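Listed here are the chains, written in short residue letters.
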Amino acid sequence: MAYESASPERRAYYDKLTPLSTAPLWEVLGTIVPREPTSKAESHLWRYDALRPLLLEAGSLLTAREAERRVLVLENPAYVGQSRTTSTLYAGLQLILPGETAPAHRHTPSALRFMIEGEQGFTQVGGERTTMREGDFVITPPWAWHDHGNEGDGPVIWMDGLDIPILQYFESVFSDPYGEEQHPLSRPEGDSLARYGQGLLPMDASSPYGMASPIFNYPYDRTREALVRSAQGAEPDPHLATTLRYSNPIDGGWAMPAMATWMTHLTRGQSTLPMRSTDSQVMHVVEGRGTVTVGEQTFTFGPKDVVALPSWQRRCLVASEDCFLFFFSDRAVHEKLGFYREQRFSA
Ligand code: GTQ
C-alpha cells in the first residue's frame with residue numbers, strides 16, 4: 001500500500017485525507033517531479049523476419065475490409081494491452097493483400113506510413129492518390145479522409161506511426177467512417193509534390209492540411225540521394241552522422257504537427273557518439289545492418305527491423321553495412337511546448 005514507510009501518526013492522518021480525495025504531496029514529490037526523466041517504456045527490437053509470417057497469417061484470417069485496418073501493433077513490453085510503442089507513440093505493421101482496400105475514414109490523430117514491401121500499394125489522402133514504394137514516407141494529416149489499397153500482385157506492407165497515445169492523454173481522439181470504400185479523388189496523382197516539393201511554392205501558399213506538410217509523399221529515391229550526396233559533401237556529425245529531417249516547405253518546420261521525422265545515413269564502419277534527448281523515438285531500418293545501444297542494452301539490427309528508444313536513455317549507433325535509418329519521435333510536441341532537452345557526450 002501507499003505510504004508504507006510513513007509513521008503511524010502520519011498514516012492515520014493520510015487515512016483522513018483519502019476519503020476527501022486529497023493526498024500529501026510530500027510523499028510523492030520526488031516521483032512526480034524527479035531530478036531527471038525515468039521512462040517506464042522499455043527499449044525493444046522487433047525483428048521483421050519474425051513478424052512478417054505472422055502478419056501474412058493475419059491475411060488469411062480476416063480481410064482488410066473486415067479488419068478496417070489489418071495491423072499488428074508493436075506493443076512496448078512495458079505497456080501490454082495499451083497499443084503503445086513508446087510512452088507517447090504508436091507503431092504497427094499494416095498488410096494489404098492484392099486487390100484489397102482498407103475503407104475510407106478520418107481521425108484526429110496524425111498518421112505516417114513508412115513503406116516496407118511492395119510497389120503497387122496506394123493511399124488516398126484528402127482527394128489525392130499516391131502510389132507508395134519501398135522507403136517512401138507518407139503523411140495522413142489530422143482529420144483528412146484516407147483509404148488504402150493494393151493494385152499489385154504481392155503483399156503490401158508498411159509501418160504505421162501515429163500519435164494516438166498523445167491524443168489519448170489529452171482525451172481528444174475522434175474518428176469518422178466515410179461510409180463508402182473510397183473517398184472521391186479531386187486532384188491528379190503527383191499534384192502536391194509538383195506544387196510544394198520542388199523548392200517552389202504557389203504564390204499564396206498555405207497548407208491545405210493546417211499544421212501538416214502539403215507534401216504527403218516524400219519519395220525514397222530523392223531522400224536517399226540527398227543523404228548520399230550530403231555524406232559525400234561534408235564530414236558526418238559526430239552524434240547525428242548524416243541526418244536530414246523531413247520538413248514542411250511552407251514554414252521549414254517538422255512535416256507533421258506532433259511527430260518529428262528524419263532519416264539518418266551511416267556508411268559502413270561509421271559510428272555515432274552517445275547522446276540522449278527527452279523525446280522518445282521509433283527507428284525503422286530501411287537498409288543496412290549494425291547495432292544500436294540504448295542505455296545498458298545493445299541490439300543488433302538488420303533490414304526492416306523496428307526499435308523503440310525511450311526518452312532520456314543514452315543511445316549510439318554502429319554501422320556494419322551502409323545504413324539508412326528512418327526515425328519518428330514526439331520531439332515536435334516537446335519543441336512546441338518548450339521542454340525539449342538533449343545532451344551530447346564526447347565518449
Ligand atoms: O491506416 O488509418 O495502424 O486509423 C491505426 C489506426 C492505421 C489507418 C493504424 C488507423 C490506421
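Please refer to the structure higher up on the page.
Cut-offs used in this document
- Residues numbered from 1 in each chain as written.
- Predicted model: local features only at pLDDT ≥ 70, side-chain atom pairs only at ≥ 80, totals over all residues.
- Heavy atoms only, no water.
- Near = heavy atom within 4 Å.
- Polar contact = N/O pair within 3.5 Å; in protein donor to acceptor, adjacent residues only side chain to side chain.
- Helix = DSSP H or I, 4+ residues; strand = E, 2+ residues; numbered from the N terminus.
- Nonpolar A, V, L, I, M, F, W, Y, C, P; charged D, E, K, R; others polar.
- Buried < 20%, exposed > 50% of the residue type's maximum accessible area, 1.4 Å probe, protein only.
- Pairing = 2+ DSSP bridges.
- Contact = heavy atoms within 4.5 Å.
- Axes fitted to C-alpha atoms, helices over the stretch in contact; angles between N-to-C directions.
- Salt bridge = Lys/Arg side-chain N within 4 Å of Asp/Glu carboxyl O.

Trainee: Which parts of the structure should I look at to understand the site of the ligand?
Mentor: For the ligand, the full set of nearby residues is Arg-69, Val-71, Tyr-90, Gln-94, His-105, His-107, Arg-113, His-146, His-148, Asp-160 and Leu-162. Interatomic distance of 2.9 Å between a side-chain N/O atom of Arg-113 and an oxygen atom of the ligand. Take His-146: an N or O atom from its side chain is 2.8 Å from an oxygen atom of the ligand. Of all elements in the fold, only β3 (90-96), β4 (101-107), β9 (146-150) and β10 (156-162) reach the threshold of two or more residues within the shell around the ligand. Of the residues assigned to the shell around the ligand, the class counts are three nonpolar, five polar and three charged.

Trainee: Even after reading the chapter, I still don't get unusual backbone geometry, so can you show me in this structure?
Mentor: Excluding glycine, most residues fall at negative phi; most peptide bonds, likewise, are trans. At Ser-21, a residue that is not glycine, the phi angle is positive and equals roughly 55°. Looking at the secondary structure, you find Ser-21 in the loop between α1 (8-17) and α2 (29-32). On the basis of relative accessible area, Ser-21 is assigned to the exposed category, the value being 73%. Even without glycine at this site, Trp-312 takes up a positive phi of about 60°.

Trainee: Honestly, the sheet that holds strand β2 (residues 71-73) in this entry has me stumped. Any pointers?
Mentor: As a general point, the strands of a sheet are linked pairwise by backbone hydrogen bonds and lie either parallel or antiparallel. Read from one edge of the open sheet, six strands run β2-β3-β10-β5-β8-β12, paired in antiparallel fashion. Single-partner strands in this sheet number two, and they are β2 and β12 (217-218). Contacts from helix α3 (residues 48-61) reach β2, β3, β5 (111-117) and β10, with the element oriented near 55° to β3.

Trainee: Mind showing me how you'd approach the environment of Glu-75 here?
Mentor: On the secondary structure map, Glu-75 appears in the loop between β2 and β3. Between the C-alpha atom of Glu-75 and that of Ala-91, which follows or precedes it by 16 residues, the distance is 7.9 Å. The contacts of Glu-75, once residues within four sequence positions are left out, are Trp-46, Val-80, Gly-81, Gln-82, Ser-83 and Arg-84. Among the polar contacts made by the side chain of Glu-75, one reaches the main-chain amide nitrogen of Gly-81 at a distance of 3.0 Å.

Trainee: What is the right way to look at the sheet that holds β9 in this model?
Mentor: Pairing in this open sheet of five strands is antiparallel, and the strands run β7-β6-β9-β4-β11 from one edge to the other. In this open sheet, the two strands that pair with only one neighbour each are β7 (128-132) and β11 (175-177). With direction set aside, neighbouring strand axes in the sheet form an average angle of 25°. With five bridges joining them, strand β6 (residues 121-125) and β7 adopt antiparallel strand pairing. Bridging from a neighbouring strand, Thr-123 pairs with Thr-130 of β7.

Trainee: Please clarify how the pattern of salt bridges should be interpreted in this entry.
Mentor: Should the charged atoms of two oppositely charged side chains come close, the side chains can pair. Inspection of every chain in the model, using the stated rule, returns 18 salt bridges. The partner of Asp-160 in a salt bridge is Arg-113, with the nearest N and O atoms 2.6 Å apart. Here Asp-160, found in strand β10, pairs with Arg-113, found in strand β5; they are 47 residues apart in sequence, far enough to count as distant. Its relative accessible area of 2% is what places Asp-160 among the buried residues. Close ionic contact of Arg-344 with Asp-237 constitutes a salt bridge, the shortest N to O distance being 3.9 Å. You can see Arg-344 sitting in strand β22 (residues 342-344) and its partner Asp-237 sitting in the loop between α7 (220-233) and β13 (242-245), a full 107 residues away along the chain.

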